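# Breakdown of the fold
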Amino acid sequence: MAKVIVVTSGKGGVGKTTTSASFASGLALRGNKTVVIDFDVGLRNLDLIMGCERRVVFDIINVINGDAILSRALIKDKHCDNLYVLPASQTRDKDALSLEGVERIINELKETFDYIVCDSPAGIEHGAFSAMYFADEALVVTNPEVSSVRDSDRILGILAAKSKRAVDGLDPVKEHLLVTRYNPGRVAAGEMLSVEDIQEILRIPLLGVIPESESVLQASNSGTPAIHLDKSDVAEAYKDVVARFMGDGVPMRFITAEKMGLFKRLFGGR
Amino acid sequence: MSLIDNLLDYLRGPEKKTAVVAKERLQIILAHERAGRGAATPDYLPALQEELLEVIAKYIHIDREKIKVQLEKHGEYDVLELNVTLPEHQRIL
Ligand SMILES: Nc1ncnc2c1ncn2[C@@H]1O[C@H](COP(=O)(O)OP(=O)(O)OP(=O)(O)O)[C@@H](O)[C@H]1O
Ligand SMILES: [Mg+2]
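About the thresholds
Residue numbering note: each chain is counted from 1, following its sequence as written. Chains carry letters from A onward and ligands carry numbers from 1 onward, assigned in written order. At least 70 in pLDDT is required for a residue's local features to be given in this predicted model, at least 80 for side-chain atom pairs to be given and counted, and no such filter applies to totals for whole chains, interfaces and linings, which use all residues. In computing side-chain values, all of the structure's heavy atoms are included and hydrogens and water are not. Any carboxyl oxygen of Asp or Glu that lies within 4 Å of a side-chain nitrogen of Lys or Arg is treated as forming a salt bridge with it. The secondary structure listing takes helices from DSSP runs of H or I that are at least 4 residues long and strands from runs of E that are at least 2 residues long, numbered from the N terminus. Nearness of a residue to a molecule or strand requires only that one of the residue's heavy atoms be within 4 Å of it. Pairs of N or O atoms are called polar contacts if they sit within 3.5 Å, as long as, within protein, a hydrogen donor faces a hydrogen acceptor (for residues adjacent in sequence, only side-chain-to-side-chain pairs). Each accessible area is a Shrake-Rupley result for a 1.4 Å probe, and residues are judged covered by the shown protein chains and nothing else. Note on residue categories: nonpolar means Ala, Val, Leu, Ile, Met, Phe, Trp, Tyr, Cys or Pro, charged means Asp, Glu, Lys or Arg, and polar means any other residue, Gly included. How sure the predictor is of each residue is captured by pLDDT, a score from 0 to 100.

Glancing now at the pattern of salt bridges. Residues and elements named next belong to chain A. Scanning the entire structure with this criterion turns up 16 salt bridges over all chains. Here E191 ties to R186 by a salt bridge, and the two come within 2.9 Å at their closest N and O atoms. The salt bridge partner of E236 is K239, with a shortest N-O separation of 3.8 Å. Of this pair, E236 and K239 are both found in helix 12 (residues 233-245), three residues apart, which corresponds to roughly one turn of the helix. Residues participating in the shared-partner salt-bridge network are E236, K239, D240, R244 and R253.

We now examine the site of ligand 1. Residues and elements named next belong to chain A. As a matter of local geometry, ligand 1 sits amid 15 residues, with K16, T17, T18, R181 and S213 nearest to it. One of the side-chain nitrogen or oxygen atoms of R181 is found 2.9 Å away from an oxygen atom of ligand 1. Contacts to ligand 1 include P211, whose backbone N or O atom sits 3.0 Å from a nitrogen atom. When ligand 1 sits alone it has 640 Å² of accessible area, and the protein chains cover 76% of it. Looking at the shell around ligand 1, the elements with two or more residues in it are helix 1 (16-29) and strand 8 (206-211). Top element by residues in the shell around ligand 1 is helix 1. It accounts for three residues. Tallied by class, residues from the shell around ligand 1 come to five nonpolar, six polar and four charged.

Time to look at the confidence of the model for chain B. Detailed reading of the predicted coordinates is not advisable wherever pLDDT falls low. Residues and elements named next belong to chain B. Summary statistics for chain B give a mean pLDDT of 76 and a share of 78% for residues scoring 70 or more. In the model of chain B, helix 1 (residues 3-12) stands out as the element of lowest mean pLDDT, 69, in contrast to helix 2 (residues 18-35), which has the highest, 90. Complex prediction metrics read pTM 0.82 and ipTM 0.83.

Spelled out as structure tokens, the structure:
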């Protein structure tokens, strides 16, 4: 059975698109037929992060309005065989994203794909709502910062009360906590909420921790999802996240401050 | 910094780390926000509040704003909280 996974947060700029790109790529790298949908209508960005911005012809709104058939709007990813991108529209406003239209697209995608990853826009308005409504599982992307944690709690409340699964009385949406932009050094110094703190407050299972890393900017500069960056801690962390999601028991990494070796102190570390 | 300042700092003890402050603030505000969400407020609550106010008003002369009825979630349990701030010169006996 195909699974619909929403990557959501409430708060903006916490790493949803970065996560959607790397998570979908990771699923595809493991042989799953995967599609990642940009729900950020008006502010599309996933195409840039995936490096396919120049191949966008049709978008999700074109498909909903019947201007294009779904297969014409899907863009094959250049890094992975099993991965496709469905871009958002840049020109329309988000009200064009009707729930019936989204449902039609998701049902059609379910016939071909194993995983449908939905990159939610920020906020709790219509765009974010349509991204989460059909979800079976949710990655709740949270930064170790008060406003992000509070917004994640809001989103969890909405998932539990207003998602299709909630409305239809099915099993609830399965929630996963993903802490991103984590800085173990600052946590150790008492300057940043720890993973344990966040988990204790939000009370949902932890799927993974992505460290704050300069390589994320390099990945976005070149249009390569961070998971493909060789030997970077972010890539490793995202691979762990995908492995755990698929049921492998992988221990948490990158959650304690590493001691700076002499070499790193002299020449700097990434 | 003067000697006095140093001494005062010493007496106050180590400052609370900001991460600890962040966690405490979140726990308080989220408990509040969760309580006010969805099914947490049963529809008899306004009527119950109204009747409690009437009963209390029979015995104590008091402002309506000084009485709060709240339903809070504490883990598995719902706790109905009745908060009455008494006027300074009055006591219930
Ligand atoms: N682990 C990380 N380390 C460092 N920078 C990061 C990390 N994850 C994301 N970023 C940076 O944070 C910014 C926001 O990331 P991203 O676009 O993924 O967030 P978003 O939640 O999708 O934002 P929006 O709410 O606007 O859609 C980007 O500049 C990105 O490069
Ligand atoms: Mg985004």
